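Spelled out, the chains give:
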Amino acid sequence: MSGRRDAISLEEAQRRILAWAKPIGADEVPLLQAQGLRLAEAARTESPMPAFARAGMDGYAVWAADLATASPQSPVLLKIVEGDARGALYYSIRSGEAMRVGTGGPLPEGADTVVMQEAVSIKQDEDGTRRAVFLRSETAGRHVTARGAEAAAGSVLIAAGTRIGPGQAALLASLGAARPCVYRKPRIVVVTAGDDVVPVESEPGIGQVRNGNLPMLRMLIESAAGETAWDAHVPDEPDQAQQTLLRGLADADLVIVSGGISVGDTDIMGRLFGGAGPGLLFSKLAIRPGSASSAIVLDGKLLIGLSGNPGACFAGFELLARPAIERLGGGSGELKWCQARLAEGSVKSNANPRFLRGVVWIEGGMLMARPCAENSSSGLISIGEANALLAIPPSAEETRAGATIDVRLLPGWQDRAWQ
Ligand SMILES: Nc1nc2c(c(=O)[nH]1)N[C@H]1C(S)=C(S)[C@@H](COP(=O)(O)OP(=O)(O)OC[C@H]3O[C@@H](n4cnc5c(N)ncnc54)[C@H](O)[C@@H]3O)O[C@H]1N2
Ligand code: MOO
């Protein structure tokens, strides 16, 4: 058996994965536990935002027209009427009056403007009446946020599917959403495979390596807002591998396998992808690295097979597993690309698109990119160095410095981009 498999394009592979993956359900959770999850229902405001016209400064609420003629030579004096200490929700002023207001407090009815207290002096008449003295006119509406200035009643403030971060938390809290309804966190089982892979605590024998893909995949899953239900390592023993996979499929929303997926004699997972069974989505991709990536639906669950080669495993996760996890968690799963200028040297093109681990940075307001050294499928160091995947289009020629290429920014890419 040659083990020959038909390659499909990355776009087609992503389409097949996303056609299968659907959000797995939604729950109400305490607001703080919603961090990083996606909102399942749009958040609306029932009242206008803000709900009342609000003072932007500590000072005096006035009717701006009263100050039209104010100047140092001809001050305008307005009678101070009393509000409460924090503002004057139930108070109103008339022409000729001013009222003390605090930052964030409601504007009294009749007022349209706030004058900062630094620009106002107070004068007391003999009968005890206090007057505010204004030396300048003021534009109507100054230092006032109108009722509904941010949003009208009934507006959608956060669209369904939005990931919840600090800004969304502030908004949800202001709406009283103590337990927002969010898409469930996808539960993932990670299975690494191969007699040649030993636990991190062990001393590798000849031809063996430590299991670096396991912590890498677990952290990648975390960065995609998924959670690892459990992980396991299986030796090159088909029955054990099958048992583990079946258990994984029963427990998880998605199973990710690393290693043993190719056509070699010991590639136990590869046998799964070798036949063209009904659930097989693909078993080879026309990309480098990551060409051995595979996917199959078994027992109604998705199983993604990634290369054991660390660099290819990483690329396969970013291009296939991340979109699947995003989609299961209520996102679109669509990978966004932007453009960067290739900074130095030239990059060898291939008959298939290449997705190189690279570094992007900002220089003169432009996004620049360079591939990491040792960008092979088995490369390890470049995974830690990369903050982007650089898409090198297929071509007979090399891609030269100065060319504009598509780049996929990796989570936390800014940390490096500004260094
Ligand atoms: N005749 C063919 N051979 C290969 C093909 C092919 O189409 N025809 N595809 C090649 C490509 S592309 C890749 S990528 C690899 C995929 O191999 P496997 O996924 O089966 O990976 P393994 O053989 O299990 O391991 C490869 C390599 O990676 C190391 N490894 C494995 N697991 C881990 C781990 N958890 N942590 C760290 N390193 C790991 C392992 O020691 C091997 O060195 O197949 C090509 N061959
Ligand atoms: O999946 Mo393999 O990486 O193309 O090296």
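Along every chain, residues carry numbers that run from 1 in the direction the sequence is written. Going through the entries in the order they are written, you letter the chains from A and number the ligands from 1. Whole-chain, interface and lining totals are the exception, using all residues; otherwise, since this is a predicted model, local features are given only for residues with pLDDT of at least 70 and side-chain atom pairs are given and counted only at 80 or more. Side-chain numbers come from the whole structure's heavy atoms, not from hydrogens or water.

The chain goes by Molybdopterin molybdenumtransferase in an unreviewed UniProt entry, where it is assigned to Cohnella hashimotonis.

Attention shifts here to the overall build of the chain. Looking only at helices and strands, the chain features 8 helices and 27 strands. In this description the radius of gyration comes from C-alpha coordinates, and the expected globular size is given by 2.2 Å times residues to the power 0.38. Taking 22 Å as the expected radius of gyration for a compact globule of 419 residues, we find that the chain reaches 31 Å, considerably beyond that expectation. Along the three orthogonal principal directions, the C-alpha set of the chain runs to about 105 × 50 × 40 Å. Counting the 419 residues in the chain, one finds 45% classified as buried. Strands are runs of DSSP state E lasting at least 2 residues, helices are runs of H or I lasting at least 4, and numbering of each runs from the N terminus. The cut-offs for exposure are 20% and 50% of the maximum accessible area for each residue type, with area from a 1.4 Å probe on protein chains only; residues under the lower value are buried, those over the upper are exposed, and the others partly exposed.

This part takes up the site of ligand 1. Working definition: residue near molecule or strand if any one of its non-hydrogen atoms lies within 4 Å of it. Contacts to ligand 1 come from 21 residues, most closely from Asp-196, Asn-211, Gly-260, Ile-261 and Gly-308. Between an oxygen atom of ligand 1 and a main-chain N or O atom of Asn-309, the distance comes to 3.2 Å. Asp, Glu, Lys and Arg are counted as charged, while Ala, Val, Leu, Ile, Met, Phe, Trp, Tyr, Cys and Pro are counted as nonpolar; the rest, among them Gly, fall into the polar class. Residue composition of the shell around ligand 1, by class: 5 nonpolar, 11 polar and 5 charged. Nitrogen and oxygen atoms within 3.5 Å of one another constitute a polar contact, given that in protein one can donate a hydrogen and the other can accept it, and given that sequence-neighbouring residues count only through two side-chain atoms.

By the element assignment, Ser-291 lies in the loop between β18 (280-282) and β19 (294-298). Among the polar contacts listed, one links the side chain of Ser-291 to the side chain of Arg-288, at a separation of 3.4 Å.

Before going further, it helps to examine the sheet that holds strand β27 (residues 404-409). Here, strands pair whenever DSSP counts at least two bridges between them. Spatially, the 5 strands close up into a barrel ordered β21-β24-β23-β25-β27, and their pairing is mixed. Adjacent strand axes in the sheet meet at a mean angle of 50° when their direction is disregarded. Relative to β27, strand β25 (residues 388-392) runs antiparallel, the two being bridged by 4 bridges. Bridging from a neighbouring strand, Ala-391 pairs with Asp-406 of β27. Comment: axis = line fitted to C-alpha atoms, over the contacting stretch for helices; angle = value between 0 and 180 degrees taken between N-to-C directions.

This part covers the sheet that holds strand β20 (residues 301-306). Strand order in the open sheet formed by 6 strands is β16-β13-β17-β20-β19-β18, with mixed pairing between adjacent strands. On the outer flanks of this sheet lie β16 (227-234) and β18, each paired with one strand and no other. Neighbour to neighbour, the strand axes of the sheet diverge by 20° on average, direction disregarded. One ladder, built from 5 bridges, connects strand β13 (residues 187-193) with strand β17 (residues 254-258); its direction is parallel.

Ligand 2 sits among Arg-288, Pro-289, Gly-290, Ser-291, Ala-292, Ala-312 and Ser-377. In this structure, Gly-290 approaches ligand 2 through a main-chain N or O atom, which is 2.9 Å from an oxygen atom. Contact distances for ligand 2 include 2.9 Å between an oxygen atom and a backbone N or O atom of Ala-292. Split by residue class, the shell around ligand 2 holds 3 nonpolar, 3 polar and 1 charged.

Each packed pair of helices is defined by two parameters, the angle between the axes and the distance between the axes. Direction vectors running N to C along helix α1 (residues 10-20) and helix α6 (residues 310-328) enclose 25°, while the axes themselves pass 9 Å from each other. When the axes of α1 and α6 are compared, the pair comes out roughly parallel. Once α1 is placed against α6, the crossing between them reads as right-handed. Contacts between α1 and α6 involve Leu-10, Ala-13, Gln-14, Ile-17, Leu-18 and Trp-20 on the former and, on the latter, Leu-319, Leu-320, Pro-323, Ala-324, Arg-327 and Leu-328. Split into classes, the residues belonging to the contact of α1 with α6 amount to 10 nonpolar, 1 polar and 1 charged. An angle below 35 degrees is treated as roughly parallel, one above 145 as roughly antiparallel, one from 65 to 115 as roughly perpendicular, and anything else as oblique. We call a crossing left-handed when the near helix sits turned anticlockwise from the far one by less than a right angle, and right-handed when that turn is clockwise. Contacts are residue-level and defined by heavy atoms, with any inter-residue pair within 4.5 Å sufficient.

Further remarks concern helix α3 (residues 213-223). When we look at burial in α3, the residues that qualify are Asn-213, Leu-214, Met-216, Leu-217, Leu-220 and Ile-221. Down the axis of α3, the smallest arc covering the buried residues is 165°, so these residues share one side. Those residues of α3 that are exposed and aimed more than 90 degrees away from the buried face are Met-219 and Glu-222. Contacts from the buried residues of α3 go to β13, β16, β17, β20, α6 and α7 (381-385). Positive backbone phi, approximately 60°, marks Ala-225, located one or two places after α3. Directions are taken from the helix axis to each C-beta atom, and the arc is the one they span.

Turning to α1, its buried residues are Leu-10, Ala-13, Gln-14 and Ile-17. In an axial view of α1, the angular spread of the buried residues amounts to 95°, which keeps them on one side of the axis. Exposed and facing more than 90 degrees away from the buried side of α1 are Glu-11 and Ala-19. Elements in contact with the buried residues of α1: β18, β20, α6 and β23 (354-363).

The next subject is the packing of α3 against α6. Contact pair α3 / α6: the axes reach a minimum separation of 11 Å and the direction vectors enclose 25°. The pairing of α3 with α6 is recorded here as roughly parallel in orientation. At the point where α3 passes α6, the crossing takes the right-handed sense. In contact with Asn-213, Met-216, Leu-217, Leu-220, Ile-221 and Ser-223 of α3, α6 contributes Pro-310, Cys-313, Phe-314, Phe-317, Glu-318, Arg-322 and Ile-325. Tallied by class, the residues present in the contact of α3 with α6 amount to 9 nonpolar, 2 polar and 2 charged.

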